[in-house]
Structures are given as C-alpha cells and as structure tokens.
Amino acid sequence: MSRFHLIAPSGYCINQQAALRGLSRLTEAGHQVTNSAVIARRYQRFAGTETERLADVNALVELKTPDTIVLAVRGGYGASRLLDAIDWQALTARQQHDPLLICGHSDFTAIQCGLLAQGNVITFSGPMLAANFGAEEMNAFTEHHFWQALRNAQFTIDWQGDGPDCATEGTLWGGNLAMLISLIGTPYMPAIDNGILVLEDINEHPFRVERMLLQLYHAGILARQNAIILGSFSGSAPNDYDAGYNLEEVCTLLRARLSVPLISGLDFGHEQRTVTLPLGAKAVLRNVKNSSQLTLTGHPVLKS
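A short tour of the structure in this document, coming up. Everything quoted here is computed from the prediction, not taken from an experiment.

### Here we look at the packing of helix 8 (residues 206-218) against helix 9 (residues 247-257)
Line of reasoning, step 1. Remark: helix 8 packs on helix 9, axes separated minimally by 9 Å, with the N-to-C direction vectors making an angle of 15°. Of the possible angle classes, the one that applies to helix 8 and helix 9 is roughly parallel. Seen along the crossing, helix 8 lies across helix 9 with a hand that is right-handed. Where helix 8 abuts helix 9, its residues P206, V209, E210, L213, L214, Y217 and H218 lie against L247, V250, L253, L254 and R257.

Written as structure tokens, this is what we have:
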C-alpha cells in the first residue's frame with residue numbers, strides 16, 4: 001500500500017462530500033493519507049490563506065517519508081498567486097534524491113510547469129482527490145492508468161487518435177491549456193524545444209480554445225515542438241451561431257498552419273476517464289492510421 005500526502009494550493013473544495021469519499025476510498029484500500037485537514041480549509045474562494053496554501057507546497061521539502069504520493073485535492077484557481085514565493089531551489093534539491101510523486105491537474109498545472117521550468121522536476125498530470133478518487137464510482141480506466149504511471153519505469157498508452165502518420169520523440173510537457181497561456185512570458189513557462197506538447201481544458205468554447213492555441217502558435221511555441229497531442233476539452237460544445245464551426249475545425253486550421261503533427265483524441269483531462277502522464281519524462285510517439293501509441297520513460301516511480 002502507498003502513502004498519500006494531500007495539498008490544497010488552489011480553490012476551496014466546494015464538494016466536501018466528494019473529497020471525504022475520496023479520502024475514505026484511499027484509506028479503505030489500505031493507503032495511508034496525511035494532511036487531510038486541508039480538505040475543509042477555506043479563505044474566500046481559496047483553500048486557505050496565501051500563507052497556508054504556500055506552506056502546503058514549500059513544506060514538501062521537509063516531507064521525509066519515502067515513496068510518497070503528493071495529491072492535490074482539487075484545482076479551481078489560486079496556484080498562480082503562489083508562484084513567486086515558492087522555494088523552487090529547495091524543492092528541486094528535494095526531488096533530486098528519493099523524489100516525491102506529485103500528482104494533479106487543472107490549476108495545478110501552473111505549479112507543475114514551474115517545477116519543470118525552474119528545476120526540471122517531473123510531476124504527474126493525473127487524477128485529484130475530490131473529482132476523481134472522490135467520484136461516486138471510481139473510474140476503472142483512470143485508476144488503472146494512475147497506478148500504471150506511478151509503478152512502471154516504462155509504460156505505453158494506446159488510443160485511436162486522429163492525425164497524420166508520425167514517429168517522433170521528445171520531452172513530454174503541457175497540461176491545462178489556459179494555465180499554460182497564463183504562464184507565457186514568465187519564468188514558470190518551460191522553455192522546451194523538440195518536445196511533445198499535450199494539452200487539455202474544460203468549459204472553453206471552441207473559439208476560445210482556438211484563440212489560446214493560436215497564441216501558442218504566434219509565440220512560436222507550437223512550431224518548436226516535435227508533436228502536439230490534444231486531450232479532452234470538456235464542455236466545449238458549439239452553439240447555433242457557430243454554424244458548423246467546432247473543435248474539429250479548430251484542428252483543421254492548426255494542421256493547415258503547422259508542419260508539426262497534431263494528434264487528437266487522447267483520454268486526458270477533466271473527464272472521469274483520464275490517463276496519467278509524467279510531465280518532463282521522455283516520450284516516444286507513433287501514429288499510424290489512427291492508431292496512436294505513447295511510450296514514457298525517465299520518470300520517478302514507487303519503489304514498493
């Protein structure tokens with residue numbers, strides 16, 4: 001069984017019942033869970049004051065228990081407020097020996113990108129306590145892929161993607177699209193060339209998704225990658241005004257402007273069904289006739 005240490009650097013967990021259900025699910029499975037007091041913590045819309053939420057992150061330096069999974073309670077908003085006060089140097093040094101396995105997504109992408117940019121620290125973009133482990137029924141696909149990523153030094157994800165034939169490799173990075181956009185021009189945006197950029201988002205209309213992708217395009221970030229993978233974009237249904245304009249049209253536009261292969265259809269993001277990806281790991285991508293394969297290596301794993 002594993003050790004989980006909870007952190008809440010972003011929004012208040014409005015669905016307390018789900019978070020407590022996630023806590024129970026983990027403990028009933030035999031896992032040890034620490035720092036559960038952060039679940040109920042609240043200041044305005046945030047999961048505590050700035051000082052409290054910052055302490056969640058910086059205190060990881062002092063976390064001595066080996067083989068520990070650091071799990072974000074939820075996303076929302078708030079991580080961006082902490083970026084200039086996080087002790088990146090100390091966290092990087094902590095991760096160089098007996099690394100913590102840090103997992104979350106959504107707003108947590110800001111901290112994950114900061115760790116990658118500031119110290120080349122690999123973290124996992126995957127499920128969180130409330131929305132995933134606290135779902136009324138834990139998604140079997142999500143649970144399988146979570147443990148697959150954290151237990152295996154090499155693993156492969158297969159899916160039926162849409163996009164051109166390609167075979168390439170590079171550093172896997174990315175996460176939530178809106179959070180990446182918010183980091184452009186800051187020291188917390190990873191400067192990765194020849195990488196494989198994976199993106200997802202929630203509740204963004206197709207034109208907003210397109211506008212953010214075009215910002216990455218105009219900034220030259222997309223052209224510097226070896227491939228782009230699109231995950232799920234929940235809550236992005238077009239309306240009558242769109243008259244046929246949708247996410248598929250967005251992909252068509254991007255593919256027309258890029259020489260970089262863009263592969264869509266990966267189960268990755270805010271849906272209950274999601275893979276877990278080690279951001280900063282080495283990735284090998286192959287796509288042939290809508291059969292996609294992503295192999296990951298170089299990330300920390302559980303030792304027991």
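Structure's up, so let's keep going.
### Regarding the packing of helix 3 (residues 88-95) against helix 4 (residues 109-119)
Line of reasoning, step 1. One can describe the packing of helix 3 onto helix 4 by two numbers: an axis separation of 10 Å at closest approach and a directional angle of 80°. Taken together, the axes of helix 3 and helix 4 are roughly perpendicular relative to one another. From helix 3, W88, L91 and T92 reach across to helix 4, where they touch I111, G114, L115, Q118 and G119.
Line of reasoning, step 2. Looking at the contact of helix 3 with helix 4, its residues break down into four nonpolar, four polar and no charged.

### Concerning the sheet that holds strand 3 (residues 68-72)
Line of reasoning, step 1. Pairing within the open sheet is mixed, and its six strands lie in the order 2-1-3-4-5-11. The sheet is open, and its two borders are formed by strand 2 (32-34) and strand 11 (277-279), each paired with just one other strand. Across the sheet, the axes of successive neighbouring strands diverge by a mean angle of 30°, strand direction being ignored.
Line of reasoning, step 2. Lying over the sheet, helix 6 (residues 140-151) contacts strand 1 (3-7), strand 3, strand 4 (101-104) and strand 5 (123-125), oriented at roughly 135° with respect to strand 3.

### A closer look at the pattern of salt bridges
Line of reasoning, step 1. If you walk through the whole model with that rule in mind, you get eight salt bridges.
Line of reasoning, step 2. The closest approach of N and O atoms between R81 and E50, which form a salt bridge, is 3.3 Å. Of the two residues, R81 is situated in the loop between strand 3 and helix 3 and E50 in helix 2 (residues 50-58); the sequence distance between them amounts to 31 residues.
Line of reasoning, step 3. Classification of R81 by relative accessible area gives partly exposed; the value is 38%.
Line of reasoning, step 4. Residue E50 is classed as partly exposed on the basis of its relative accessible area, which comes to 32%.
Line of reasoning, step 5. Residues joined by salt bridges that share partners form a network here, namely E50, R53 and R81.

Rules of the game
- Residues numbered from 1 in each chain as written.
- Predicted model: local features only at pLDDT ≥ 70, side-chain atom pairs only at ≥ 80, totals over all residues.
- Heavy atoms only, no water.
- Axes fitted to C-alpha atoms, helices over the stretch in contact; angles between N-to-C directions.
- Helix = DSSP H or I, 4+ residues; strand = E, 2+ residues; numbered from the N terminus.
- Parallel < 35°, antiparallel > 145°, perpendicular 65-115°, else oblique.
- Left-handed = near helix turned anticlockwise from the far one by under 90°.
- Contact = heavy atoms within 4.5 Å.
- Nonpolar A, V, L, I, M, F, W, Y, C, P; charged D, E, K, R; others polar.
- Pairing = 2+ DSSP bridges.
- Salt bridge = Lys/Arg side-chain N within 4 Å of Asp/Glu carboxyl O.
- Buried < 20%, exposed > 50% of the residue type's maximum accessible area, 1.4 Å probe, protein only.

What is shown is where atoms sit, not what they do.
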